[in-house]
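Structural features, examined
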There are 2 protein chains.
Amino acid sequence: MPDLVAGNAVIGQSGGPTAVINQSLAGVIEGLRAGLAASGKVGRIFGMRHGVRGLIKPSTDGLLDLTALDRAKLEAIARAPSAALGSTRDKPDEAYCEKILDSCRRNDIRYFFYIGGNDSADTCRIVSEKASTSSYELRCFHVPKTIDNDLVENDHTPGFPSAARYVALALMGDGLDNASLGGIKINVIMGRNAGFLTAAAALARGDVALGSAPQDRAAPHLIYLPEVPFSTDAFLADVEAVYAKLGRCQIAVSEGIRDAHGEEIGPKLMRWPGEVDAHGNVQLSGSGALGDGLADLVKTQLTPKGGKAPRVRADTFGYIQRCWPEPSPVDRGEARAVGRYAAELAASGDASASVIIVRTSNAPDAYRSDCARAELAAVARRTRHVPPEFISGTNDVSAAFHAYCRPLVGELPKFERL
Amino acid sequence: MPDLVAGNAVIGQSGGPTAVINQSLAGVIEGLRAGLAASGKVGRIFGMRHGVRGLIKPSTDGLLDLTALDRAKLEAIARAPSAALGSTRDKPDEAYCEKILDSCRRNDIRYFFYIGGNDSADTCRIVSEKASTSSYELRCFHVPKTIDNDLVENDHTPGFPSAARYVALALMGDGLDNASLGGIKINVIMGRNAGFLTAAAALARGDVALGSAPQDRAAPHLIYLPEVPFSTDAFLADVEAVYAKLGRCQIAVSEGIRDAHGEEIGPKLMRWPGEVDAHGNVQLSGSGALGDGLADLVKTQLTPKGGKAPRVRADTFGYIQRCWPEPSPVDRGEARAVGRYAAELAASGDASASVIIVRTSNAPDAYRSDCARAELAAVARRTRHVPPEFISGTNDVSAAFHAYCRPLVGELPKFERL
């Protein structure tokens, strides 16, 4: 082991929770115990209550001492969905990061681990730079987490496979429901900027070939991602083509769909103004407005042959898609591994890094991944989008996406239809 | 075996699908094969395409011959959620039932099985009476199904345990999500007239004692059923009490909550008129309007001490709660059993009946149930409500409800919190 600075470690969780974010927390703790703590370089292991918001408190109320946390209890916490330490939506700027650094000095913290998305990577980056400038030795590690799967450098991110599993299972059940009663069913799925989670709806098709005309596809018949400009006219034509042939149509649509000018469709369809969050974004998750607006559009604009108005229903997939308590087994293992790997990087003498996931085998039934490191600046504040090769036309994903996503979500049931 | 009329049998599925309605279909088929078909009294087994709507078609397009359906395929269909034969919302009147009887005559149908709720029981009752009046020998059996759990005579109904399992798991994950970010979370759950499914939210608490003050309860802190008059003032006071103490509040509310005059709250909070269905009811499921309306109410009316507006989010649990493809094991078994039992009643010479579920043991870890029969008229068109002994005060369920519901949903995960 290299000659490392001795002090305490702190771990925090940030942003929207996932079903496996506590696996990463357990991974960091277990990695520290096996390495830096065992060798005496780390004395105490703190948890931040509600992320950096807890860390910057002048008192120590915002820190939880996890050093002696019982192993069985740690396992029970690791299995629980959502951030056990509490999370925060705070997105620290330079001044905020100064306070983080002050707290690290006060609490003799020398190892800083932050589990979150690209904002959390940026927090790590700023804090690391400030520490370096002020000659305070602080090692900063970002541990990836987001159901949106929008971190660059990563094959995919912990949290995404479990959310994708939920979406696939939900679309399976919902597709059979739609088949039994007919009509048009719209499902609005999380992901404002990146459409990976909405794309996962395609897994509900099982092994059915992709890419044919919408009315010849297995359900879901139509998939709309924020990466593809959304036109209400094209949408209505798509729905009509499917409905005319099948008497039904199942649709998966991202909450973040945009028109050709990059303007979000959701707020345009809302009949009253939505809430605006601290980042200036209109609040879409947890509001039925986009789904209800699209349903209204279909009800009022679609005039099927025969004249009878179709049955139209919309569901907005809420917070449950990110915290459903039965995660993907692959995700559970990888979320644990990225946490452990961050602690191992610290023990190896690394000064700062973002842990990334690399896929090492995608052979059928032999999916494998490894952890690796990237510079914080390479991940911080950047957003990965669904790449063109994962998209098919204007309303579907490609076979390449299916091959990419399928191994991540674990076993899916197979059903027969009459 | 008694001296029975020989002919064909028909099976149909009606109303909102469930996760296990195809187990009942398989149960009837397997019961017929073991009894009436084996003894030569039933020649062909038909399935109705989209319920009675398929049966009354002048052509035979609306009938599917299931006589020779392969056993392995039947099992794969049984495992699939939602109505494999297709369902219908048609609620037959006297004239419609005349057409049903005509079709039975045309197709030499002597055994009629209908899987559905109290409307389906009523269809069986009318058809049975008409057949009797016109001296056409037709045996009519109603097989229970509804996630609403609102059939009288039954301890509970197939479909409910699986939907209750979904709600319990969803509230578990959502409760931890709410704990990690704080604020007020509203979850709108299906059940317009009966609050059983909303009540099942309480199972998310695990084995924590019920009935204490809202702010001292494990999440969900507040549960509102259609059986208890809803007052927006009392609601706001309840939410404020929980939020003031905990900085958060998780709420489960039925889509069908009503004020003291029996008027539904949902339509009153809607900012634009909702759709009205064929039965004259405003369409609530699949619309985010009630949840968004309640969230608006809290945002605009609640002024917590300190002055900062709380984070308020609402999710409306959609169709997924009735068709989630991982059902309760108890439900799977019972849904199969009620189907089989209907075929056995027919083989025993019974002329008409509604199959009911009776609980025979509720001892810890030794839950048992049996099938029994009731008269069609005893079940038809009646609605069971959550009884007073299952309700605690104005915003919770009782320990008796917990004891009633817990054995039905199967194993639930246990999580630790920091």
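Numbering of residues begins from 1 in every chain and follows the order in which that chain's sequence is written. In the order they appear in the text, chains get letters beginning with A and ligands get numbers beginning with 1. Whole-chain, interface and lining totals are the exception, using all residues; otherwise, since this is a predicted model, local features are given only for residues with pLDDT of at least 70 and side-chain atom pairs are given and counted only at 80 or more.

**Structural notes on the overall build of chain A**
How we decide: Each helix corresponds to a stretch of at least 4 residues labelled H or I by DSSP, and each strand to a stretch of at least 2 residues labelled E; elements are numbered beginning at the N terminus. Only C-alpha atoms enter the radius of gyration, while the globule expectation follows 2.2 Å times N to the 0.38, with N the number of residues. Once C-beta atoms are placed from the backbone, each residue is buried if 20 or more other C-beta atoms lie within 10 Å of its own, exposed if 12 or fewer, and partly exposed for counts between those two. By definition, residue pairs are in contact when their C-beta atoms, positioned from the backbone, come within 7 Å.
Of the regular secondary structure elements, chain A holds 14 helices and 13 strands. In terms of C-alpha radius of gyration, chain A reaches 23 Å, essentially the compact-globule figure of 22 Å for 418 residues. Taking all 418 residues of chain A together, the buried fraction comes to 59%. Residue pairs at least 24 apart in sequence account for 76% of intrachain contacts in chain A once pairs closer than 6 positions are excluded.

**What to know about the interface of chain B and chain A**
Under the convention used in this document: Throughout, the ten residues Ala, Val, Leu, Ile, Met, Phe, Trp, Tyr, Cys and Pro are labelled nonpolar, Asp, Glu, Lys and Arg are labelled charged, and all others, Gly among them, are labelled polar.
Each side of the interface is counted separately: chain B has 48 residues, and chain A has 48 residues. Split by residue class, the side of chain B that touches chain A holds 26 nonpolar, twelve polar and ten charged.

**Focus on the environment of A:Leu85**
Positionally, A:Leu85 belongs in the loop between helix 3 (71–79) and helix 4 (94–106). The spacing of A:Leu85 and A:Arg49 is 36 residues in sequence and 5.2 Å in space, taken between C-alpha atoms. If sequence neighbours within four positions are ignored, A:Leu85 has contacts with A:Gly12, A:Gln13, A:Leu25, A:Gly47, A:Met48, A:Arg49, A:Leu64 and B:Leu418.

**Notes on the relation of the copies chain B and chain A**
Comparison of the two chain copies shows a relationship of rotation about an axis with a shift along it. We apply this condition: Superposing the copies works by least squares over the C-alpha atoms of residues that have pLDDT at least 70 in both of them.
With an axial shift of 0.0 Å and an RMSD of 0.0 Å, the rotation relating chain B to chain A amounts to 180°. Classification of the inter-copy transformation places it as that of a two-fold axis. Measuring from the rotation axis to each C-alpha of chain B, the shortest distance belongs to B:Gly288, at 2.1 Å. Most of the interface of chain B is mirrored in chain A: 100% of its interface residues are interface residues there too.

**Quick look at the sheet that holds strand 6 (residues 183–189) of chain A**
Residues and elements named next belong to chain A. Formally: Being paired, for any two strands, means DSSP has found at least two bridges between them. The axes used here are C-alpha line fits, helices contributing only the stretch in contact, and every angle between their N-to-C directions lies in the interval 0 to 180 degrees.
Read from one edge to the other, the open sheet built from four strands follows the order 7-8-6-9, with strand pairing classed as parallel. A strand with exactly one partner marks an edge of an open sheet, and here the two such strands are strand 7 (222–224) and strand 9 (312–316). Within the sheet, the average angular offset between the axes of one strand and its neighbour, ignoring direction, is 15°. By the bridge criterion, seven bridges tie strand 6 to strand 8 (residues 248–254) in an arrangement that is parallel. Note on strand 8: the bridge partner recorded for Gly 183 is Arg 248. Lying on the sheet, helix 6 (residues 160–181) is in contact with strand 6 and strand 8; it crosses strand 6 at an angle near 165°. Of the strands in this sheet, strand 6, strand 8 and strand 9 are in contact with helix 10 (residues 289–301), which crosses strand 9 at around 165°.

**Remarks on the domain arrangement of chain A**
All names here are of chain A. Just so we agree on the cut-off: An automatic or database domain assignment supplies the start and end points of every domain.
On domain assignment, one finds that chain A holds domain 1 (7–159 + 327–379) and domain 2 (160–325 + 388–408). Counting from both sides, the interface comprises 22 residues of domain 1 and, opposite them, 19 residues of domain 2. Partitioning the side of domain 1 that touches domain 2 into residue classes produces eight nonpolar, ten polar and four charged.

**Some words on the pairing of strand 6 (residues 183–189) of chain B**
All names here are of chain B. In terms of burial, strand 6 is a largely internal element, six of the seven residues being buried. Two elements, strand 6 and strand 9 (residues 312–316), share five bridges in a ladder whose sense is parallel. Residue pairing for strand 9: Asn 187 is matched across the bridge by Asp 315.

**Side note on the sheet that holds strand 2 (residues 42–48) of chain B**
Pairing between the strands of a sheet is mediated by backbone hydrogen bonds and can be parallel or antiparallel. All names here are of chain B. Spatially, seven strands are ordered 3-2-1-4-5-10-11 in an open sheet, and the strand pairing comes out mixed. Of all the strands in the sheet, the pair left with one neighbour each is strand 3 (63–65) and strand 11 (366–374). Across this sheet, the average inter-strand angle for adjacent strands is 25°, counted without regard to direction. Judged from the six bridges that link them, strand 4 (residues 109–116) and strand 5 (residues 139–144) form a sheet pairing that is parallel. Looking across to strand 5, one finds that Tyr 114 is bridged to His 142. Of the strands in this sheet, strand 1 (7–13), strand 2, strand 4 and strand 5 touch helix 1 (residues 21–34), which is tilted by about 170° from strand 1. Packing of helix 5 (residues 118–133) onto the sheet brings it into contact with strand 4, strand 5 and strand 10 (352–363), and relative to strand 4 it is tilted by some 160°.

**A closer look at the packing of helix 1 (residues 21–34) of chain A against helix 12 (residues 329–347) of chain A**
All names here are of chain A. As a reminder, the rule being used: Left-handed is the label given to a crossing in which the near helix is rotated counterclockwise from the far helix by less than a right angle, and right-handed is the label when the rotation is clockwise.
One can describe the packing of helix 1 onto helix 12 by two numbers: an axis separation of 7 Å at closest approach and a directional angle of 35°. The handedness of the crossing between helix 1 and helix 12 comes out as right-handed. Each of Ile 21, Gln 23, Ser 24, Leu 25, Ala 26, Gly 27, Val 28, Glu 30, Gly 31 and Leu 32 in helix 1 lies in contact with helix 12, whose residues at this interface are Arg 332, Ala 335, Arg 336, Ala 337, Val 338, Gly 339, Arg 340, Ala 342, Ala 343 and Glu 344. Looking at side-chain class alone, the contact of helix 1 with helix 12 contains ten nonpolar, five polar and five charged residues.

**Considerations on the pairing of strand 1 of chain B**
For a regular strand, side chains alternate in direction, first toward one face of the sheet and then toward the other. Residues and elements named next belong to chain B. Of all seven residues in strand 1, six are buried, a share of seventy percent or more. Direction of pairing for strand 1 relative to strand 2: parallel, over a ladder of four bridges. Note that in strand 2 the partner of Ile 11 across the bridge is Gly 47. The sheet contact formed by strand 1 and strand 4 spans six bridges and is parallel.

**Some points on helix 5 (residues 118–133) of chain A**
An α-helix turns once per 3.6 residues; consequently, residues spaced three or four apart project the same way. Residue and element names in this part refer to chain A. The cut-off we apply is this: A helix's residues, less one, multiplied by 1.5 Å, set its expected span.
For helix 5, which comprises 16 residues, the first-to-last C-alpha distance of 23 Å matches the rise-based estimate of 22 Å (1.5 Å per residue) to within 8%. Among all positions of helix 5, only Asn 118, Ser 120, Ala 121, Asp 122, Thr 123, Cys 124, Arg 125, Ile 126, Val 127, Ser 128 and Ala 131 are buried. Ser 135 sits one or two positions beyond helix 5 and adopts a positive phi of about 55°.

**Notes on the nonpolar core**
Stated precisely, the cut-off is as follows: In this description, a nonpolar core means buried residues of the types Ala, Val, Leu, Ile, Met, Phe, Trp, Tyr and Cys, linked to one another by C-beta atoms lying within 7 Å.
With 264 residues, the main nonpolar core has A:Phe113, A:Ala199, B:Phe112 and B:Phe113 as its most contacted residues. Contact partners of B:Phe112, with chain neighbours within four places excluded, come to B:Val10, B:Cys104, B:Cys124, B:Val127, B:Leu138, B:Arg139, B:Cys140 and B:Phe141.

**What about helix 1 of chain A?**
All names here are of chain A. For helix 1, spanning 14 residues, the distance from its first C-alpha to its last is 20 Å, which sits close to the expected 20 Å at 1.5 Å a residue. Here helix 1 lies mainly inside the structure; eleven of its 14 residues are buried. Turning to helix 1, its buried residues are Ile 21, Asn 22, Gln 23, Ser 24, Leu 25, Ala 26, Gly 27, Val 28, Ile 29, Gly 31 and Leu 32. Buried residues along helix 1 sit against strand 1 (7–13), strand 2 (42–48), helix 3, strand 4 (109–116), strand 5 (139–144) and helix 12.

**Some thoughts on the environment of B:Gln301**
Note that B:Gln301 resides in helix 10 (residues 289–301). Along the backbone, B:Gln301 and B:Arg322 are 21 residues apart, and their C-alpha atoms lie at a distance of 33 Å.

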